[in-house]
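The chain contents come next:
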There are 2 protein chains.
Amino acid sequence: MKENFKSLKHLLDVAAGRVKADLLIKNCRIVDVCSGEIREGEIAIAGQQIAAADAPGLYEGEVEIDAQGLYALPALIDAHIHVESSMCTPEELSRLLVPLGTGTLIADPHEIVNVAGREGLDYMRRAAAKAALHIEYLLPSCVPATPFEHAGATITAEDMEEILEDPELRGLAEFMNFPGIVNASEDSLNKLLAAKDRGKLIDGHSPGLSGKALNAYASAGILADHECSTVAEMQERIARGMFVLLRRGSACHDLDRLLPGVTAENSRRCLLCSDDRQAHTILSEGHLDDHLRRCVRAGLDPLTAIRMATLNTAEAFGLKDRGALVPGRRADITLMQDLRDFKAVQVFLDGREAARDGRYLLPVERADDRAVKASVHLKDFSEARFRLPLKSDRVHVIEIQPGGVLSKNTIAKVQRNVAGDFIPDPSADIIKVAVVERHKLTGNVAVGLLKGYGLKEGAVALSIAHDSHNVIVAGRNDHDMALAVEALVRMGGGVALVNKGQILGEMPLPVAGLMSDQSGEWVAEKLAEVNRIAVEKLGVNPHIEPVMTLCFMSLPVIPELKLTDMGLFDVTRFSFIPLEAE
Amino acid sequence: MKENFKSLKHLLDVAAGRVKADLLIKNCRIVDVCSGEIREGEIAIAGQQIAAADAPGLYEGEVEIDAQGLYALPALIDAHIHVESSMCTPEELSRLLVPLGTGTLIADPHEIVNVAGREGLDYMRRAAAKAALHIEYLLPSCVPATPFEHAGATITAEDMEEILEDPELRGLAEFMNFPGIVNASEDSLNKLLAAKDRGKLIDGHSPGLSGKALNAYASAGILADHECSTVAEMQERIARGMFVLLRRGSACHDLDRLLPGVTAENSRRCLLCSDDRQAHTILSEGHLDDHLRRCVRAGLDPLTAIRMATLNTAEAFGLKDRGALVPGRRADITLMQDLRDFKAVQVFLDGREAARDGRYLLPVERADDRAVKASVHLKDFSEARFRLPLKSDRVHVIEIQPGGVLSKNTIAKVQRNVAGDFIPDPSADIIKVAVVERHKLTGNVAVGLLKGYGLKEGAVALSIAHDSHNVIVAGRNDHDMALAVEALVRMGGGVALVNKGQILGEMPLPVAGLMSDQSGEWVAEKLAEVNRIAVEKLGVNPHIEPVMTLCFMSLPVIPELKLTDMGLFDVTRFSFIPLEAE
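Here the structure is a predicted model, which means the values were calculated and not measured.

Colleague: How do you make sense of the overall build of chain A when you look at a structure like this?
Modeller: Each helix and strand counted, chain A has 16 helices and 30 strands in total. The C-alpha radius of gyration of chain A comes to 25 Å, within 12% of the 25 Å expected for a compact globule of 582 residues. By principal-axis analysis of the C-alpha atoms, chain A measures approximately 90 × 50 × 45 Å. Relative to its 582 residues, chain A shows a buried fraction of 65%. A sequence separation of at least 24 residues applies to 67% of the contacts in chain A between residues at least 6 apart.

Colleague: Would you take a moment to explain the nonpolar core for this structure?
Modeller: Grouped burial of nonpolar side chains is what soluble globular proteins tend to show. If you look at the biggest cluster of nonpolar residues, it comprises 371 residues, and the most contacted ones within it are Phe-386 and Tyr-453 of chain A together with Phe-386 and Tyr-453 of chain B. Setting aside its immediate chain neighbours within four residues, Phe-386 of chain B contacts Phe-381, Lys-432, Ala-434, Val-436, Val-445, Val-447, Val-473, Asp-478, Met-481, Ala-482 and Val-485 of chain B.

Colleague: Explain the pattern of salt bridges here, please?
Modeller: Two side chains bearing opposite charge may form a pair once their charged atoms approach each other closely. Summed over all chains, the structure comprises 92 salt bridges over all chains. A salt bridge links Arg-322 of chain A to Glu-136 of chain A; the shortest N-O distance between them is 2.8 Å. With Arg-322 of chain A in the loop between helix H13 (311-316) and strand E14 (333-336) and Glu-136 of chain A in strand E8 (residues 134-137), the pair connects residues that are 186 residues apart, well separated along the chain. Here the two residues Arg-322 of chain A and Glu-136 of chain A agree in accessibility, since each one is buried. Here Arg-294 of chain B ties to Asp-256 of chain B by a salt bridge, and the two come within 3.4 Å at their closest N and O atoms. With Arg-294 of chain B in helix H11 (residues 288-297) and Asp-256 of chain B in helix H9 (residues 255-258), the pair connects residues that are 38 residues apart, well separated along the chain. We classify Arg-294 of chain B as buried; its relative accessible area is 18%. When salt bridges with common partners are traced through the structure, they connect Glu-136, Arg-170, Asp-321, Arg-322, Arg-330 and Asp-350 of chain A into a single cluster.

Colleague: Help me understand helix H1 (residues 5-15) of chain A, please; the structure alone is not making it clear to me.
Modeller: Two residues of an α-helix separated by three or four positions point the same way, owing to the 3.6 residues in each turn. All of the buried residues along H1 of chain A are Leu-8, Leu-11, Leu-12, Asp-13, Val-14 and Ala-15 of chain A. Check the buried side of H1 of chain A and you find it contacts strand E1 (21-32), strand E2 (37-46) and strand E3 (49-54) of chain A together with helix H5 (178-182), helix H6 (186-196) and helix H7 (211-219) of chain B. Sitting at the amino-terminal end of H1 of chain A is Asn-4 of chain A, which places a side-chain oxygen 3.1 Å from the backbone nitrogen of Lys-6 of chain A. Two residues or fewer past H1 of chain A, Gly-17 of chain A is found with a positive phi of approximately 85°.

Colleague: Any chance you could explain the environment of Val-495 of chain A here in plain terms?
Modeller: All names here are of chain A. The topology assignment puts Val-495 in strand E26 (residues 494-499). Residue classification places Val-495 among the buried residues on the basis of a relative accessible area of 0%. Remark: the alpha-carbon pair of Val-495 and Asn-531, spanning 36 residues in sequence, is separated by 9.8 Å.

Colleague: What am I meant to see in the environment of Gly-513 of chain B here?
Modeller: All names here are of chain B. Relative to the assigned elements, Gly-513 resides in the loop between strand E27 (502-508) and helix H15 (520-536). Classification of Gly-513 by relative accessible area gives buried; the value is 0%. Gly-513 sits 301 residues away from Lys-212 along the chain, and the two C-alpha atoms are 40 Å apart. If near-sequence neighbours (up to four positions away) are discounted, Gly-513 is found in contact with Ser-375, Arg-438, Ser-463, Ile-464, Gly-492, Gly-493 and Gly-494.

Colleague: I'm lost on the confidence of the model for chain A in this one. Help?
Modeller: One rule of thumb: low pLDDT means the predicted coordinates there are not for detailed reading. Scored by pLDDT, chain A has a mean of 97; 100% of the residues are at 70 or more. The ipTM for the predicted assembly is 0.95, set against a pTM of 0.96.

Colleague: Looking at this structure, how should I read the pairing of strand E28 (residues 561-564) of chain A?
Modeller: Looking along a regular strand, one sees the side chains alternate between the two faces of the sheet. Residues and elements named next belong to chain A. Residues Leu-561 and Leu-563 point to one face of E28 and Lys-562 and Thr-564 to the other, with burial holding for every one of them. As paired elements, E28 and strand E29 (residues 567-570) share four bridges and run antiparallel to each other. Paired with Thr-564 across the two strands is Gly-567, which belongs to E29. The loop that links E28 with its antiparallel partner E29 comprises two residues.

Colleague: Which parts of the structure should I look at to understand the pairing of E26 of chain A?
Modeller: All names here are of chain A. Burial of E26 is extensive: six of the six residues sit out of reach of the surface. Every second residue of E26 is oriented toward a common face, with Gly-494, Ala-496 and Val-498 on one face and Val-495, Leu-497 and Asn-499 on the other, all of them buried. Both E26 and strand E27 (residues 502-508) contribute to a ladder of six bridges, which runs antiparallel. Residue Gly-494 lies in a different strand from E27, and its bridge partner there is Pro-508. Following E26, the chain reverses through two residues before pairing antiparallel with E27; Lys-500 in that reversal takes a positive phi of roughly 50°.

Colleague: It is not clear to me how the interface of chain A and chain B should be interpreted in this structure. Could you clarify?
Modeller: The figure often quoted for interface size is the accessible area lost as the parts come together. Tallying the contact residues gives 60 residues for chain A and 61 residues for chain B. Between the two partners, chain A and chain B, sit ten salt bridges. At the junction of chain A with chain B, the criterion picks out 22 residue pairs in polar contact (both at pLDDT 80 or more). Of all the elements in the fold, those that place two or more residues in the side of chain A that touches chain B are H1, E3, helix H5 (178-182), helix H6 (186-196), helix H7 (211-219) and H13 of chain A. Residue composition of the side of chain A that touches chain B, grouped by class: 27 nonpolar, 13 polar and 20 charged.

Colleague: What should I look at first to understand the relation of the copies chain A and chain B in this one?
Modeller: Between the two chain copies there is a screw-like relation: a rotation about an axis and a shift along it. Of the two same-sequence chains, chain A is brought onto chain B (RMSD 0.1 Å, axial shift 0.0 Å) by a rotation of 180°. Taken together, the rotation and translation relating the two chain copies correspond to the operation of a two-fold axis. When the interface residues of chain A are mapped onto chain B, 100% of them are again interface residues, pointing to one common binding face.

Colleague: Help me out: how do you make sense of the sheet that holds strand E30 (residues 575-576) of chain A in this one?
Modeller: Backbone hydrogen bonds are what pair the strands of a sheet, in a parallel or an antiparallel way. Residues and elements named next belong to chain A. Strand order in this open sheet of three strands is E28-E29-E30, and the pairing throughout is antiparallel. Each edge of the open sheet carries a strand with a single partner, namely E28 and E30. In this sheet, E30 lies alongside E29 in antiparallel orientation, the contact comprising two bridges. Within the sheet, the bridge partner assigned to Phe-569 lies in E30 and is Phe-576.

Colleague: What is the right way to look at the sheet that holds strand E24 (residues 459-462) of chain B in this model?
Modeller: Residues and elements named next belong to chain B. Pairing within the open sheet is mixed, and its eight strands lie in the order E19-E18-E23-E22-E25-E24-E26-E27. Sheet topology places strand E19 (407-413) and E27 at the edges, where each strand pairs with a single neighbour. Sheet twist, expressed as the average angle between the axes of neighbouring strands with direction ignored, equals 25°. Here four bridges tie E24 to strand E26 (residues 494-499), and the two strands are oriented antiparallel to one another. Looking at E26, one finds that Val-460 is bridged to Leu-497. Against the sheet, helix H14 (residues 478-491) touches strand E22 (430-436), E24, strand E25 (471-475), E26 and E27, its axis set at about 150° to E26. Docked against the sheet, H15 engages E26 and E27, running at close to 150° with respect to E27.

Colleague: Before we go on, may I ask you to explain the state of the cysteines in this structure?
Modeller: Simply put, the disulfide is a covalent bond whose two ends are the sulfur atoms of two cysteines. Counted according to the given criterion, the structure contains zero disulfides over all chains. Between Cys-295 of chain A, a cysteine without a disulfide, and Cys-270 of chain A, which holds the nearest cysteine sulfur, the sulfur-to-sulfur distance is 9.6 Å. Given a relative accessible area of 0%, Cys-295 of chain A falls into the buried group. Cys-551 of chain B supplies the cysteine sulfur nearest to Cys-88 of chain B, a cysteine that is in no disulfide, at a spacing of 15 Å. For Cys-88 of chain B, a relative accessible area of 0% gives the class buried.

Colleague: Looking at this structure, I do not really get the packing of aromatic side chains. What am I missing?
Modeller: Scanning the entire structure with this criterion turns up 14 aromatic pairs over all chains. Summarising the aromatic geometry, the rings of Phe-148 of chain B and Phe-576 of chain B are spaced 5.8 Å apart at their centres and angled 80° between planes, so their arrangement reads as edge-to-face. Of this pair, Phe-148 of chain B sits in the loop between strand E8 (134-137) and helix H4 (157-163) while Phe-576 of chain B is found in strand E30 (residues 575-576), placing the two residues 428 residues apart along the sequence. Judged by relative accessible area, Phe-576 of chain B falls into the partly exposed class, the value being 30%. Ring pairing ties together the aromatic residues Phe-148, Phe-569, Phe-574 and Phe-576 of chain A, which thus form one cluster.

Colleague: Would you mind going over the packing of H7 of chain A against helix H1 (residues 5-15) of chain B with me for this structure?
Modeller: How two helices sit against one another is set out by the angle between their axes and by the gap between those axes. Running from N to C, H7 of chain A and H1 of chain B point in directions that differ by 160°, and their axes come no closer than 8 Å. Regarding the angle of H7 of chain A to H1 of chain B, the classification is roughly antiparallel. The handedness of the crossing between H7 of chain A and H1 of chain B comes out as right-handed. Contacts between H7 of chain A and H1 of chain B involve Lys-212, Asn-215, Ala-216 and Ser-219 of chain A from the first element and Leu-11, Leu-12 and Ala-15 of chain B from the second. For the contact of H7 of chain A with H1 of chain B, the residue count by class is four nonpolar, two polar and one charged.

Colleague: Is there a simple way to explain the side chain of His-396 of chain A in this structure?
Modeller: All names here are of chain A. Mapping His-396 onto the fold places it in strand E18 (residues 394-400). With relative accessibility at 13%, the residue His-396 sits in the buried group. Of note is the side chain of His-396, whose polar atom sits 2.9 Å from the side chain of Asn-409.

Colleague: Looking at this structure, how should I read unusual backbone geometry?
Modeller: Omega for the bond connecting His-466 of chain A with Asp-467 of chain A falls within 30 degrees of zero, at -10°, which places this linkage in the cis form. If you trace the backbone, Asp-467 of chain A turns up in the loop between strand E24 (459-462) and strand E25 (471-475). In the segment running from Pro-559 of chain B into Glu-560 of chain B, the intervening peptide bond is cis, with an omega of 0°. Among the structural elements, Glu-560 of chain B can be located in the loop between helix H16 (546-551) and strand E28 (561-564). Its identity is not glycine, yet Met-87 of chain A carries a phi of approximately 60°, on the positive side. Following the sequence through the fold, Met-87 of chain A ends up in the loop between strand E6 (76-81) and helix H2 (90-97). One non-glycine residue, Asn-27 of chain B, adopts positive backbone phi at about 60°.

How each quantity is defined
Residues numbered from 1 in each chain as written. Chains lettered and ligands numbered in written order. Predicted model: local features only at pLDDT ≥ 70, side-chain atom pairs only at ≥ 80, totals over all residues. Heavy atoms only, no water. Helix = DSSP H or I, 4+ residues; strand = E, 2+ residues; numbered from the N terminus. Rg over C-alpha atoms; globule rule 2.2 N^0.38 Å. Buried < 20%, exposed > 50% of the residue type's maximum accessible area, 1.4 Å probe, protein only. Contact = heavy atoms within 4.5 Å. Core = buried A, V, L, I, M, F, W, Y, C linked by side-chain atoms within 4.5 Å. Salt bridge = Lys/Arg side-chain N within 4 Å of Asp/Glu carboxyl O. Polar contact = N/O pair within 3.5 Å; in protein donor to acceptor, adjacent residues only side chain to side chain. pLDDT = per-residue confidence, 0-100. Pairing = 2+ DSSP bridges. Nonpolar A, V, L, I, M, F, W, Y, C, P; charged D, E, K, R; others polar. Least-squares fit on C-alpha atoms with pLDDT ≥ 70 in both. Axes fitted to C-alpha atoms, helices over the stretch in contact; angles between N-to-C directions. Disulfide = S-S within 2.5 Å. Phe/Tyr/Trp six-rings, centres within 6.5 Å; stacked < 30°, edge-to-face > 60°. Parallel < 35°, antiparallel > 145°, perpendicular 65-115°, else oblique. Left-handed = near helix turned anticlockwise from the far one by under 90°.

This is how it looks when you write it as structure tokens:
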């Protein structure tokens, strides 16, 4: 929202009562997050801004709406989310989230920037511009996430200096390379300074960090952390000046565990976020309205909870133009039935009605996405690349852990053929997993072994494989694995399930190989379908999510053992290791 | 504080425990304004920054100090002050304030900029750079305060655009021309946009404003107001998103009246300030330590009070590098005996010990002030300019009101000589008052009549006359008035008392005619002395402060009747009027 002479004059004319408001929302209960009070009154809107939120009967409007006693809240703000995790594009996510009362996302386009670099960021901004939802992007700080993999792009400290000159980018997104900061690596320091020199914020990510290491991380000026899973971690961060984001996404459910740590004294340092929230979770459980319900159900004062999703976040991230229903701020208003179920009835963004009774009222116009399509590029790829010669039958295998993000470094005995190549034992739950580099035509293919996935036949391939998003494929035989990878090339990315030379299921994700160009409902249904096929037809372990679990087996910052396009990576030792055990 | 690679690396090295802290303050009770807790611990300092404020025994220091259980608070922040009102230069004010626990002033150099324009601002910044105290200047928004007077400078919206490009200037100081905003005047809007377009803040000043007019003022994006004198005014502003500054200066004592309005729900929107605080008040009553004592005495939780003078202010004004004792922020630390008397024992600024046991430990080095000296320039001035011909003996007189800032527009009958000129009646308390333009060589001299000053003989002249700071002189006879004005020219400004052709008292204020180049103690004593002489020798009303009262009689924004160099000004009608009554 850029104010100019004309908009400012109109705003003051409306506020002073010289001209009618463009829109007057009468008869609402205004949730005043500044005073901490709820007052009956009316909201006068001029252009995109609030001119007044005052007592009843003061203003007149060109258009007047009777809110019939509904609660008026500032539209909700998610303090940290990855749009790509919904597998929906920004325009489509706007359609899903706005009817739930959300007005702003502080988004880290980490996934697409790892695939498509600055073109990915540009696309996400173009797409956000088409959406009613305000999406405030931070610049991904760790692209690639580690030097131990090939991503589609590299963003150096020098690149950041240039990109951060853009006044619309408020800073660096979650600085995941916390060892780089704690150990004061030159590269990390230069990145921090690129942001600091420009007065930009630096968001954080520091799971498990504590004591002196946390002091070092906080010293660097890290604004916030969304990785707390205990009240003690939360308290330690608040005492070091960091904001704490209470997260509830599709996979990570920290919010309820952390709520007992929210006190009257520290609540202003607490915010709400979802991090990764898939379309099906949004459609079935909601978004920040779900967080608010949980807060209030846990006994938190509704006003405190609402502040955590509005004013606190706006203040922490310097979004001075929103987060409260006060004169001069964006007219981002959610009308809700009550402060218990937080069901959004009507949502206004920039003074325009954007959703009513759960329906998005605006057309979903798609931004030009050609620059980020057809993103799966392989070199010298063939079935033969999945051959796995072993010098020993005692090998390291990546063992999936409950929850599906962590893995264990397990040593197992496997079968080999006469040439010494790995051959799967039909009675053992150990299969091949491969990462095929898809960005830079390096021709890299790394092959490892995966335990606990349950796959009994065929292959599963994805172009989502955190954080570099190469192709990851798991399979019982090289032929089906290769077919599944080739299906992904054809689709421009997505999910492919193959058995006995036949494609059993496909979910195209043509936008950077990460997002669908279909509706959120399609995404939710399709993902459920491929997951169901993977379990029912291919025998994947029914206790894990087939797609989500596999896509994390390539993430070399989450312990213990992962596979990148460059090889088998021991996260604990932070180095590559051979498959063969010592 | 500008971080560079070296300072950042050292900070992280200390925080992580790889090298010793430069300074370790052991055995203190850390007042954690983020968590709202007080914890025993130690503070490790690296360079100018806090590396850790943590549990005891974690760190080692090159230098270690045993705080013997003292409370460690973030150094205090005054949210709004005019340095010039102390009549001390910034370097000297640093000497007075730092030993009281103050670390930062958010200062409006309104007086000196009205006298000396950008040279005045530059001087104040040069002087602040010599001080241990951090003085964060905002750009005066209304220079001159009104178009109805001649100041030494004019700062247009266009000038602001240029000046505000400076990243060290955080925004516009108190926007006193609130009618200009409420009425959406072109000039005011352009000034607002000069700040908004650059992401700068706009501080406020809106005494008595309410209802729709206040909505308009708040709509403009005004950050704060320090002019509340009732709880209702305070609540009205907080509900409109403004921060409220609870003020206690030498003249304005709103703090105690407003404290009952501070609640657990709204306290984060409340800050502390002094606005105008003279040297004698500072020396006898203190600074923000006085505010804190009053808060706690009024029953406020000490932590809430401390936050109002630290974290809240830092957050409101975007001073992200201070306001809390957490890693990465400035090592601005005040050690205090208790949280009742708030007596500062030791004060560290930027990691350096700056005061101990009430003594400032650093040398007071003065900045070059030649550019703002010799600032009293008259044209065609002579005793004859004080002649006051009247067409009628029924005239408007400026009647001083209790408190000394407001005046009444009173109609009185006066004596005239045969030529029709005013002649003072020895039995009536009505004397001449004149404003002599001193900046632009306009030769302007305006003469009016003053009631209630009590002056029985001689004359009093000042070069402090809000807000344009022309020379103001009140006297029983033209000759003494002229002598007093000439004494000011000689001194380069200040205060002069004359009787029967003799100078009875002089207080030189050579720095822009506003500030002394002597010590704060000298200022306090000298001001008391000239005030005493004015009462005892010249008969000025003992119930008013002779200097402070006279200096407000030229301020055309405070009702009802004032005199500028351009004539008699009716503040209620906002226009000039003739002396003769209708």
